Amino acid sequence: MTKDSTPTRTMGLDVGKKRCRYVLGEGERDGVRILEQGWVATNGPAITKLLGDRERTRVVMEVGRASPWLSRLVTSLGHETIVANPRELAMIYKSQKKNDREDARKLMEVGHLNPKLLSPVHHRSAKSQSALAVIRSRDLAVGTRTSLVNHVRGSCASMGEPLESCSAASFHKQAGRQVPEELKVALAPVLKVIGGLTKTIGRYDSTIEAMAEKEYPATERLRQVKGVGPITSLCFVLTLEDPKRFPRSRAVGAYLGLTPKQDDSGDSEKQLHITKAGDAMLRRLLVGSAQYILGRYGPDTDLRRWGLQQAERGGKNAKKRAVVAVARKLAVLLHSLWVSGSTYEPLREETAAKPGKKRVRAYRITASPTRRPSPSGEDAAAAKP
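Residues numbered from 1 in each chain as written. Predicted model: local features only at pLDDT ≥ 70, side-chain atom pairs only at ≥ 80, totals over all residues. Heavy atoms only, no water.

### Structural notes on the overall build of the protein chain
- Each helix and strand counted, the protein chain has 15 helices and seven strands in total.
- Sorting the 385 residues of the protein chain into buried and exposed places 42% on the buried side.
- Here the analysis covers contacts within the protein chain between residues at least 6 apart in sequence; of these, 60% occur between residues at least 24 apart.
- With an accessible surface of roughly 21,300 Å², the protein chain has 50% of that area assigned to carbon and sulfur atoms. (Helix = DSSP H or I, 4+ residues; strand = E, 2+ residues; numbered from the N terminus. Buried < 20%, exposed > 50% of the residue type's maximum accessible area, 1.4 Å probe, protein only. Contact = heavy atoms within 4.5 Å. Areas by Shrake-Rupley, 256 points an atom, 1.4 Å probe, with all protein chains shown as cover.)

So this is what it looks like as structure tokens:
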């Protein structure tokens, strides 16, 4: 059997923290016959011993904390790996008979009959995962600093001494001069921690900027769009990793969970919230960029004009829906810029609407020599305290 041939055997792997339950099956005319089952430790040597000398097998597992490195290991051993999306596995987590053996058996049977029913998840490479860890660590530091800043402000306000507005970067200095005397014992150590976090965030910013410039040059093209800075552009590139795996740019919006859920039946078409599938941090960064585009300091672009039109349509949540819609179009635009290597034209629709020129959609782009993007502020969602 060649390396690229379709495996005749399928293994369901229910991954646990310390050990995995596996069930190996082979297709027959009347179903799937179980050939082997047992336990294996959740570590590299044990998995290699289990799968290393076997014929090419389709290995199915659920997405989880161990699935990134485990799927890479199984693939490196020459097997076909399918990481199942847990959102599509109601037959497992809603089952009345739930145990590790049954979970592994169901993964094996569905993976053998029709892997598409599992909505397979694409895991990133080890390099992309480690680079994303830098952005996630910065995000955690920003969130922690925000919580501490809110604690200090709330404590001072409860004493009748509200603090003046200032940036998060200078808060530990400004607040240190305004904190009431009776709260200094309690808040001085907190302000010291905030100052340390601010320095840490600054180092992360420098690391991310250098990483984007040296290792991921595609981010410079994405930063042509004002409101998209080094954090959002790098997170976008690392999350999608391979832009060509999307058949068209519009698929990126659904991949990132920015499209509405669907629950239509007969003549009923419900208006539902977005799916929120995919990477939550990238989705939040894109929404933050969309808020900047639609905000007071957003530049005049076709995307901004379209978003403002959506916000004026009325309704209680029109503005919120407009922000999400702009975030979705922004994701499509960034993917288009990345794949095509084109230069972004902020007001392409206005140019195309002139006499003698064909009118095109607002977020489309045109190919031309690359120019350096205009300087813009840091990503709104990532920079806010």
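The rest of the description comes next.
### Some words on the pattern of salt bridges
- What the rule picks out here adds up to 16 salt bridges.
- A salt bridge links Arg33 to Glu26; the shortest N-O distance between them is 3.3 Å.
- With a relative accessible area of 38%, Arg33 lands in the partly exposed category.
- Between Asp300 and Arg305 there is a salt bridge whose closest N-O contact spans 2.8 Å. (Salt bridge = Lys/Arg side-chain N within 4 Å of Asp/Glu carboxyl O.)

### Here we look at helix H11 (residues 280-294)
- Spanning 15 residues, H11 covers 21 Å between terminal C-alpha atoms, matching the ideal 21 Å at 1.5 Å per step.
- Listed as buried for H11 are Met281, Leu282, Arg283, Leu285, Leu286, Gly288, Ser289, Ala290, Ile293 and Leu294.
- Near the N-terminus of H11, the side chain that reaches the backbone nitrogen of Met281, with its oxygen 3.2 Å away, is that of Asp279. (Expected span 1.5 Å × (residues − 1). Polar contact = N/O pair within 3.5 Å; in protein donor to acceptor, adjacent residues only side chain to side chain.)

### With respect to the packing of aromatic side chains
- Summed over all chains, the structure comprises two aromatic pairs.
- Over the aromatic face of Trp39 sits the side chain of Arg19, whose NZ or CZ is 3.7 Å from the ring centroid. (Phe/Tyr/Trp six-rings, centres within 6.5 Å; stacked < 30°, edge-to-face > 60°. Lys NZ or Arg CZ within 6 Å of the ring centre and 35° of its normal.)

### So, unusual backbone geometry
- In this structure, Ser119 is a non-glycine residue whose phi angle is positive, near 45°.
- Turning to its location among the elements, Ser119 is positioned in the loop between helix H4 (100-113) and helix H5 (126-158).
- Positive phi values are uncommon outside glycine, yet Glu241 reaches one of about 60°.
- Of note, Glu241 is situated in the loop between helix H9 (230-240) and helix H10 (251-255).

### Quick notes on the sheet that holds strand S4 (residues 57-62)
- Read across the open sheet, the five strands follow the order S3-S2-S1-S4-S5; overall the sheet is mixed. In the strand order of this sheet, the two ends are held by strand S3 (31-41) and strand S5 (80-84), each with one partner. Across this sheet, the average inter-strand angle for adjacent strands is 20°, counted without regard to direction.
- Of the pairings in the sheet, the one linking strand S2 (residues 19-28) to S3 comprises ten bridges and is antiparallel in character. Bridging across to S3, Cys20 finds its partner in Val40.
- Packing of helix H1 (residues 44-51) onto the sheet brings it into contact with strand S1 (9-15), S2, S3 and S4, and relative to S3 it is tilted by some 150°.
- Sitting on the sheet, helix H2 (residues 67-76) touches S1, S4 and S5, and the angle it makes with S4 is about 180°. (Pairing = 2+ DSSP bridges. Axes fitted to C-alpha atoms, helices over the stretch in contact; angles between N-to-C directions.)

### Some remarks on the side chain of Asp14
- Looking at the secondary structure, you find Asp14 in strand S1.
- Residues contacting Asp14, with those up to four places away along its chain left out, are Arg19, Cys20, Arg21, Glu62, Asp100, Asp103 and Ala104.

### Examining a positive patch on the surface
- Taken together, the side chains of Lys173, Arg177, Lys199 and Arg203 make up a positively charged region of the molecular surface.
- Within the secondary structure, Arg177 sits in the loop between helix H6 (171-176) and helix H7 (184-215). (Patch = residues over 30% accessible without salt bridge, like charges linked within 9 Å, V, L, I, M, F, W, Y side chains within 5 Å. Lys, Arg positive; Asp, Glu negative; His and termini not counted. Charge placed at Lys NZ, Arg CZ, Asp CG, Glu CD.)

### A look at the pairing of S4
- Burial within S4 is extensive, with five of its six residues counted as buried.
- Here S1 pairs with S4 via five bridges, running parallel. Bridge assignment links Met11 to a residue of S4, and that residue is Val59.
- Across five bridges, S4 lies against S5 in parallel orientation. Residue pairing for S5: Val59 is matched across the bridge by Thr81.
- Crossover connection from S4 via H2 to parallel S5: handedness right-handed. (Right-handed = clockwise from strand over helix to strand, strands pointing away.)

### What about the environment of Asp139?
- Turning to its location among the elements, Asp139 is positioned in helix H5.
- Overall, the relative accessible area of 26% leaves Asp139 in the partly exposed class.
- The spatial distance from the C-alpha of Asp139 to the C-alpha of Ile201 is 8.7 Å, given a sequence separation of 62 residues.
- Once residues lying within four places of it in the same chain are set aside, the contact partners of Asp139 are Met281 and Arg284.

### Some points on the side chain of Arg56
- With respect to the secondary-structure elements, Arg56 resides in the loop between H1 and S4.
- Among the polar contacts listed, one links the side chain of Arg56 to the backbone oxygen of Gly78, at a separation of 3.0 Å.

### Considerations on the confidence of the model for the protein chain
- Looking at the protein chain, pLDDT values average 87 and 88% of them are 70 or higher.
- Low confidence marks residues 358-385, where pLDDT is under 50. Its contacts with residues over four positions away, or in another chain, come to 72 contacts. (pLDDT = per-residue confidence, 0-100.)

### Section: the packing of H7 against H9
- Close contact between H7 and H9 brings their axes to 10 Å; oriented N to C, the two are set at 55°. The angle between H7 and H9 places the two elements in the oblique class. As for how H7 packs across H9, the hand of that crossing is left-handed. Of H9, the residues touching H7 (which contributes Asp205, Ile208, Glu209, Met211 and Ala212) are Pro230, Ile231 and Leu234.
- Of the residues that constitute the contact of H7 with H9, the class distribution is six nonpolar, no polar and two charged. (Parallel < 35°, antiparallel > 145°, perpendicular 65-115°, else oblique. Left-handed = near helix turned anticlockwise from the far one by under 90°. Nonpolar A, V, L, I, M, F, W, Y, C, P; charged D, E, K, R; others polar.)

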